[in-house]
Structures are given as C-alpha cells and as structure tokens.
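Here are the chains, one letter per residue:
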Amino acid sequence: MGWAIALHGGAGDIPFSLPEERRAPREATLRHCLDLGVAALRANRPPLDVVELVVRELENSPCYNAGKGSVLTTAGTVEMEACIMDGNTNNCGAVSGLSTVVNAISLARLVMEKTPHIYLAFDGAEAFAREQGVEIMDPSHFITPENIERLKNAKEANRVQIDYTQPIKANSTNDQGDSQIGTVGCVAVDNHGNLASATSTGGLVNKMVGRIGDTPIIGSGTYANSFCAVSATGKGESIIRATVARDVAALMEYKGLSLKEAAAYVVEKVPKGNVGLVAVSANGEVTMPFNTTGMFRACATEEGYSEIAIWPVDSNGISEDSQK
Amino acid sequence: MVGWAIAVHGGAGVDPSLPAERQEAARRVLSRCLALGASALRAGRAAVDVVEMVVRDLETDPVFNSGRGSALTRDGTVEMEASIMDGRGRRCGAVSGLTTVKNPVSLARLVMDRSPHSYLAFDGAEEFARQQGVEVVDNSYFVTDENVSMLKLAKEANSILYDYRVPIPETCSAGAGAMQMNGLPISIYAPETVGCAVVDANGHCASATSTGGLMNKMCGRIGDSPLIGAGTYACGACAVSCTGEGEAIIRSTLARDVAAVMEYKGMRLQEAVDWAIKERLDEGKAGLIAVSGDGEVAFGFNTVGMFRGCATEQGLMEVAIW
C-alpha cells in the first residue's frame, strides 16, 4: 500500500528517430508534471485534486494534444474534450466540443460537482463555462503552428491522422499513418486506496467537426472505481468498442486479475497499434502498457519507483530511451 | 441455433396513475414494433437492420419520448441522441444534440457505416445529416403540446427542489418504489428513452437506443443513450439497451456490465441482468432489455414499471408495463 501516480501524453507510432528538439520539451513536461503530482500526493492532496492539477499542466503545455496544442478539426478549429472520475463515489464529469476553455478538465470537474448532470457538450458546455467564470481565451490561443502544419499534411494525405509527431509525406508508402497520439491523462491513488482518473484531448487531426472520441466516454477512455483508475489513449474508435478503461476494472473485479494482468489483457485484445493506457490500483500498483510503437509516459510510487519513458522498456529492464 | 429473439422498451419509470388510454396506446405501439421486428427476423434480416427499423418506428411515434415526442430542454427545444451497436465486430455509431433529424437512430447508423468515426454531435452531426441527405424537419416538429405542459411543471418542481435527492411529497398513493426519478415527481417525469435489442437467426446480436433526454435538461447535456457501454452495448454474447436515470446508468456502465459478468463471471443472461440492476445501480433508478446470442430475452428494472415487450422464434410474445 502507498500512493502511486501515472500520467501519459499519448500513445502512437512515435518514431525512434524523433529529433531531440521535439523530444526534449515533451520529456521535460512529463518530468515536471510527475514532480507536481508526486508533491501533491506527498502533501496528502486527494487523488481527485492531483489528477486534475496534473492534467491542467499537460493541457497548458503546447507540446501535447490537449488544451493549447490541441490538434485541429477538418475546419481548422479546436474542439477539446475531457473527463474526470472519482473512484470512491463513481462520480464523474465530462465535456466535449470546447473551443475557448483553457482547462477542459476543470470544466469537467465543475459539471460533476455543480450540475445534476455528468456530460455537457458544445454550446451548452461553453455557456456553462461562462456561468462558472472559468478561464477562457479566444479560440486562436489554442492553435499552434505545428498543428496547422499537421492539418495541412493530413489533408494532403487525405487521411484522418492520429499520429501527429511526424509530418505525413504525401507519397508515403507507410499505410500505418494511422498511428496514435492523441491524449493526455493522469491516474492517482493515495495511501488510503482512494482512486481518481482524468483524461483530456483535442482529438484526431482532421477529424470531422463534432466528432467525439473515447476520452469523455466513461468506461472507454476514462474510468475509476474502488479497484483501479484508468486513462487510455490511442484510436478513439477502437477504445470505445473495447470499453478499455471499464474492462481493466471489470477484469479485476469479476475475474480477480491483478492490475498488471488486467491491463495487459485489455491492451492485447485491441488491434495492434491502437491503444495505450496508464492505471493504478487501490494497493498502490502501477502499470503502463501499450501496443503502439511508443507512449509518452511517467509514473512514480511511494516505494520509490519512478519512470519516464517514450518507447518500450526492453527485457533487461533498460529503457530503450536510455540506449539512444 | 436456438432462434431469433427481440426485446423493445419505451422507458423505465412509469406513473402508477397513468390513465388507461395512455397505457393502451403504449401497448399498441409496443405490439406493433414487435410485430414489425419479428416479421423482419422471420425474413432473415440481420440484427442491426432490425434494431434500426424498430427504433425508427418508436422515434416516429409520439407516444414515447424520442424523435417526435421528445422531452424538452430548459429552453423548450428538443435535442435528441441515439446509438446503435452491432455485436458482430462490435461496430458502433452514436449521435447527440440533433435538432432537425427525423430519425436519430438512422443517423447513428450512418456514422457507423459511412464515417471514419463512432460519435458525432451537435452542429457537426447536423452537417453530416445534410451531407447524407437524411430527412430533416423543423425543430418544432418534435415538440408536442403535452411536453410543453410537462416542461412547465418540471420547472415548477425544480424551482422548489435544489437538491434533487430531497424527497418531495408524493402525488399519488400507489405505494411501491420511489415516486421520484431524476429529481422530478413520477407524474411529471416522462420516460425518456426507447430501445431495441435483437438476436437474429444467425445468432448475431445488436441493440439501439434513442431519446430526447431529460425533461428540463441543460442545453448540451448528454445522457447515457448515446454512450457505448452505458445505454447501449452489443457483443458476441448479448445486446443491451438501458433506460432510466442517465447519470446512474453512465457511472455504472450498465450495458457493458451485463455483458462483462456474462463474459467474466460466466453468468447466463437473466442472472447477469438481475445482478446488474441489483448490484450496479446503488440509489439509481433504471431498467434494461437484453438478448443473448443463445436466443434468450431478459428484462430488469428497479423502477415502478417499464414499457416493454419481447418476442421469440418459439412463439413467445409479451407486452407489459408493470
């Protein structure tokens, strides 16, 4: 038993050749967010607060696909969504279709705490944001030059792009252009076994206006109960049909699998290249499986284990990251 | 092969003092839908086609609250949502925030079949509807006088209640169960959802759910009906459609959990349904219909009544409210 925290910045076809200038800021952000989360847990903040503050930080970072730095719809706009869940009460909140709210995850939390509903979207969610007085910015605030470029490439390739770290070459023979990076998330447990999960995203590059992914759907991209807390990332459509986040918890609850077993099983059943997740259990265990090339991730436990990584850790336990 | 089976519902949570002619009207619509579905199944139609066809019929009829006859938002408008899932491959499609689309379930199907996505909402969904050429009408088409009156009553009730868990005096004396759902007295609360679950002659399951949502809801509020795993779910083992307090159904991932206990605990269909209703809802009020790949049908609800019906290849045909 003890606290534990895990966070991610998206799973996908992250190339091993990712240049240093694109990799360093992402790693630095993961490190910074991990430190923030750990400090909060050590200060006995409730996990619900911890996951919210970590995801806010990830949203504010322009190098991840949430908040500022969100990928663009086919219309060149930003539509953000997020979800938060409290494992103790199963209370949850979700938002979709936000274009001016600086921290979608905080609005999701307000839906949970200040309305009789769970999920608000589009104009209704934006109106609620104004009622609540949360921080809003002009939609242009969220748009970065990199994402304008990604959208252009995706349109040229005429494809909905899920991996946005690499520009798509129009004549690319790699049909696996459907690689997945798309979300940020955080899960945490304190040393009393209280669990919480939060996920936030801009969605898919070149997505149809109005497209909702797995992130705000309880049981798909986000879930927490008394067994575990899960935040998933990858191809939303695959995560939804596999009810990924709920299934990890269901396997623990109904089949008695351990956290690692349950998470590995769920990830394995989703077609390769489509999913990654972070999860913690009431006992303070942590797992971060993925079936993509890589997943930006970080975790720490009270026992002293900590990891920040992008690609798989090899069989010697040495992160391939450190071999580069 | 054990044969096809079909279940339909028109919402959980029924006013015990619902006038006889309303009960009759509901029974007639349910019977008609069952006959429609059974006939299609006899003709060998696939489960996913049958659920769409039946839910279209329920949406078109104003008796239940989906499509025409939908519950109203706090602004007096209609925002509809729906989802459909084909157990064969677990393909799915969902829509929310529709204001002009005559048959939301059919748009959900098109999202599944003709878009690269699983879920479209609000302006984007309306735009997709126009691209697909589905039938659209003015929002006023969906608004009935009855629901305009209901909305007024709901606003009055909500203005007294801040915390919807505080019980308000019962308006009728028929005892059993809570007389309140979603913060409204049962006489005002309108069952909000329709759904259908089918297993076809080949043992494939599918389900679909459609609704106008919660009376007096905030604009932009999304309930359980379009959420895969909450209001709708289908896989190889079964297909489920839920109705009732949307928030309770979402947090309990009710539809997925029926299938999960079958898959992970080896329960049969009725046992799984009973278990989910009893163990997963806490204080929430809801109901569901389900079919299994083995040709079974099951209902479960912890509300006072659920409009429902079922039919099987073996000749069972049943419509019930209580």
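Residues numbered from 1 in each chain as written. Chains lettered and ligands numbered in written order. Predicted model: local features only at pLDDT ≥ 70, side-chain atom pairs only at ≥ 80, totals over all residues. Heavy atoms only, no water.

**Regarding the packing of helix H1 (residues 20-42) of chain B against helix H2 (residues 47-60) of chain B**
Residue and element names in this part refer to chain B.
Argument step 1. It is the contact of H1 with H2, at a shortest axis distance of 9 Å, that shows an interaxial angle of 155°. Viewed along their axes, H1 and H2 adopt a mutual orientation that is roughly antiparallel. Both H1 and H2 take part in a crossing whose hand is right-handed. The segment H1 lies against H2, with Val29, Arg32, Cys33, Leu36, Gly37, Ala40 and Leu41 engaging Val50, Met53, Val54, Asp57 and Leu58. (Axes fitted to C-alpha atoms, helices over the stretch in contact; angles between N-to-C directions. Helix = DSSP H or I, 4+ residues; strand = E, 2+ residues; numbered from the N terminus. Parallel < 35°, antiparallel > 145°, perpendicular 65-115°, else oblique. Left-handed = near helix turned anticlockwise from the far one by under 90°. Contact = heavy atoms within 4.5 Å.)

**Some points on the UniProt feature "active site" (unreviewed entry) in chain A**
Residue and element names in this part refer to chain A.
Argument step 1. Summarizing the sequence annotation, UniProt attributes the feature "active site" (unreviewed entry) to Thr183 in the numbering used throughout.
Argument step 2. Turning to its location among the elements, Thr183 is positioned in the loop between helix H5 (145-157) and strand S5 (184-189).
Argument step 3. A relative accessible area of 3% places Thr183 in the buried class.
Argument step 4. If we ignore the near neighbours within four places in the chain, the residues touching Thr183 are His8, Gly9, Gly10, Asn65, Thr199, Ser200, Thr201, Thr215, Ala232 and Thr233. (UniProt positions renumbered as here; feature names shortened; annotations may be inferred. Buried < 20%, exposed > 50% of the residue type's maximum accessible area, 1.4 Å probe, protein only.)

**A short note on unusual backbone geometry**
Residue and element names in this part refer to chain A.
Argument step 1. Phi at Asn44 is positive, roughly 65°, even though this residue is not glycine.
Argument step 2. Here Asn44 is to be found in the loop between helix H1 (20-42) and helix H2 (47-60).
Argument step 3. On the basis of relative accessible area, Asn44 is assigned to the exposed category, the value being 63%.
Argument step 4. Within the chain, Phe122 stands out as a residue other than glycine whose phi angle is a positive 55°.
Argument step 5. You can see Phe122 is positioned in helix H4 (residues 122-132).
Argument step 6. Residue classification places Phe122 among the buried positions, given a relative accessible area of 10%.

**Topic: the interface of chain A and chain B**
Argument step 1. The interface is formed by 41 residues belonging to chain A together with 40 residues belonging to chain B.
Argument step 2. Broken down residue by residue, the surface that chain A buries against chain B is led by Met208, Arg241 and Tyr254 of chain A, which jointly contribute 21%.
Argument step 3. Linking chain A with chain B are three salt bridges, by the criterion used here.
Argument step 4. Here chain A is connected to chain B by 19 residue pairs in polar contact (both at pLDDT 80 or more).
Argument step 5. Where the side of chain A that touches chain B is concerned, the elements lending two or more residues are strand S4 (119-121), H4, helix H6 (236-241) and helix H7 (244-255) of chain A.
Argument step 6. Sort the elements by how many residues they give to the side of chain A that touches chain B and H7 of chain A lands first, with seven residues.
Argument step 7. Of the strand pairs in this sheet, S4 of chain A and strand S9 (residues 221-222) of chain B are connected by two bridges, and their pairing is antiparallel. Paired with Leu120 of chain A across the bridge in S9 of chain B is Arg221 of chain B. (Buried area = accessible area lost by both parts, 1.4 Å probe. Salt bridge = Lys/Arg side-chain N within 4 Å of Asp/Glu carboxyl O. Polar contact = N/O pair within 3.5 Å; in protein donor to acceptor, adjacent residues only side chain to side chain. Pairing = 2+ DSSP bridges.)

**Digging into the UniProt feature "binding site: substrate" (unreviewed entry) in chain A**
Residue and element names in this part refer to chain A.
Argument step 1. In the numbering used here, UniProt assigns the "binding site: substrate" (unreviewed entry) feature to Arg211, Ile212, Gly213, Asp214, Thr233, Gly234, Lys235 and Gly236.
Argument step 2. What makes Lys235 partly exposed here is its relative accessible area of 23%.
Argument step 3. Locating Gly236 in the fold gives a position in helix H6.
Argument step 4. Residue Gly236 is classed as buried on the basis of its relative accessible area, which comes to 2%.

**Concerning the packing of aromatic side chains**
In this description, an aromatic ring pair is defined by two values, namely the gap between the centres and the angle between the planes.
All names here are of chain B.
Argument step 1. Applying the stated criterion to the full structure yields six aromatic pairs over all chains.
Argument step 2. Taken together, a centroid distance of 5.0 Å and an interplanar angle of 85° make the contact between Tyr141 and Phe142 edge-to-face.
Argument step 3. Looking at Tyr141, the relative accessible area reads 24%, which means it is partly exposed.
Argument step 4. On the basis of relative accessible area, Phe142 is assigned to the buried category, the value being 0%.
Argument step 5. Here the basic side chain of Arg68 rests over the ring of Tyr141, its NZ or CZ set 5.7 Å away from the ring centre.
Argument step 6. Taking NZ or CZ as reference, Arg308 lies 5.5 Å from the ring centre of Phe299, over its face. (Phe/Tyr/Trp six-rings, centres within 6.5 Å; stacked < 30°, edge-to-face > 60°. Lys NZ or Arg CZ within 6 Å of the ring centre and 35° of its normal.)

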